[in-house]
Amino acid sequence: MVIKEPPMKTLAIISQKGGSGKTTIAVHMAVCAIRQGYHTAIIDIDPQGSAIDWYMSREAQNELNAVQAGEDKVQLLLQQAQAGGADFVIIDTAPHSNSAAAIVAQLADYILMPCRPSRFDLKAIGSTASIAKLAKTPAVAVINAAPRGKLAEEAKEALQQQGINVLDPVLQQRAAYTHAVIDGRSVHEYEPEGKAAAEIDELFACLKKAMGL
């Protein structure tokens, strides 16, 4: 009996609003996936190159692959990743780039839309949701950098009223997310038993289930 390996899954992290936390989520989830045994890669198509800069500052790069490229190279890179045995690829995108986001949305299996619980972010996410809808790719929002209090729940309700699906996990505004990336680490490597690592675990668990990883 031949046991087939599950197909590679691709997650695009898209937000047309700058400062939503796309790269922060991408790098922490990538390490989370690696720790759970998934062969993981990051494709950074943001010209700022924050994800690739973080990757290059890591002491141990062998367990994770990362590359920076333009959106025109993504399809080829995904083919190469699949041929190389990758299980999970995260595409980190740039804000304010409808054309690049549209290309990636069509190539991805699933779209994650980070959203801070602020008026500007809640209004801006509609354009990202429209890109996902046009691509006919499943998409879901996650509340990111939430302060203490009721703002996160209020933001979830506001998004749901727009017809946008929202994941239950909320990423709080925690210093660990910032401190960890300074020297190329993730929250799991900086503070493995901390609340930030637990939040990323919960988020990844939801995405695994939704994507069939």
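Residues numbered from 1 in each chain as written. Predicted model: local features only at pLDDT ≥ 70, side-chain atom pairs only at ≥ 80, totals over all residues. Heavy atoms only, no water.

Mind laying out the environment of Leu 207, listing which residues take part and the relevant values?
Here Leu 207 lies in helix H9 (residues 195-211). Among the residues examined, Leu 207 registers a relative accessible area of 0% and is labelled buried. With residues up to four places along the chain from it excluded, the contact list for Leu 207 reads Leu 11, Met 29, Tyr 110, Leu 112 and Leu 167. (Helix = DSSP H or I, 4+ residues; strand = E, 2+ residues; numbered from the N terminus. Buried < 20%, exposed > 50% of the residue type's maximum accessible area, 1.4 Å probe, protein only. Contact = heavy atoms within 4.5 Å.)

How would you summarise helix H6 (residues 151-161) if you had to cite specific residues and measurements?
Because an α-helix packs 3.6 residues into every turn, residues spaced three or four apart end up facing the same way. Listed as buried for H6 are Ala 152, Ala 155, Lys 156 and Leu 159. Along the axis of H6, the buried residues cluster in a sector spanning 105°; they form a single face. Its buried side turned inward, H6 meets strand E5 (110-115), helix H5 (119-135), strand E6 (139-146) and strand E7 (166-172). Just downstream of H6, Gly 163 is the residue with a positive phi angle, here 80°. (Arc of directions from axis to C-beta.)

So, the sheet that holds strand E4 (residues 88-92): which residues are in play, and what are the values?
Strand order in the open sheet made by the seven strands is E3-E2-E4-E1-E5-E6-E7, with parallel pairing throughout. Here the strands that pair on one side only, and so sit at the sheet edges, are strand E3 (64-68) and E7. In this sheet, adjacent strand axes meet at a mean angle of 20° when their direction is disregarded. The pairing of strand E2 (residues 40-44) with E3 spans five bridges and is parallel. Note that in E3 the partner of Asp 44 across the bridge is Gln 68. Contacts between helix H3 (residues 74-83) and the sheet are confined to strand E1 (9-13), E2, E3 and E4, with E4 contributing the most and set at about 160° to the helix. (Pairing = 2+ DSSP bridges. Axes fitted to C-alpha atoms, helices over the stretch in contact; angles between N-to-C directions.)

Outline the pattern of salt bridges, listing residues and values.
According to the stated counting rule, one finds six salt bridges in the structure shown. Ionic pairing is found between Lys 17 and Asp 121, a salt bridge with its closest N-O pair at 3.9 Å. One end of the pair, Lys 17, is in the loop between E1 and helix H1 (22-35); the other, Asp 121, is in helix H5, with 104 residues separating them in the sequence. Here the salt bridges share partners, and the residues they tie into one network are Arg 58, Glu 63 and Glu 189. (Salt bridge = Lys/Arg side-chain N within 4 Å of Asp/Glu carboxyl O.)

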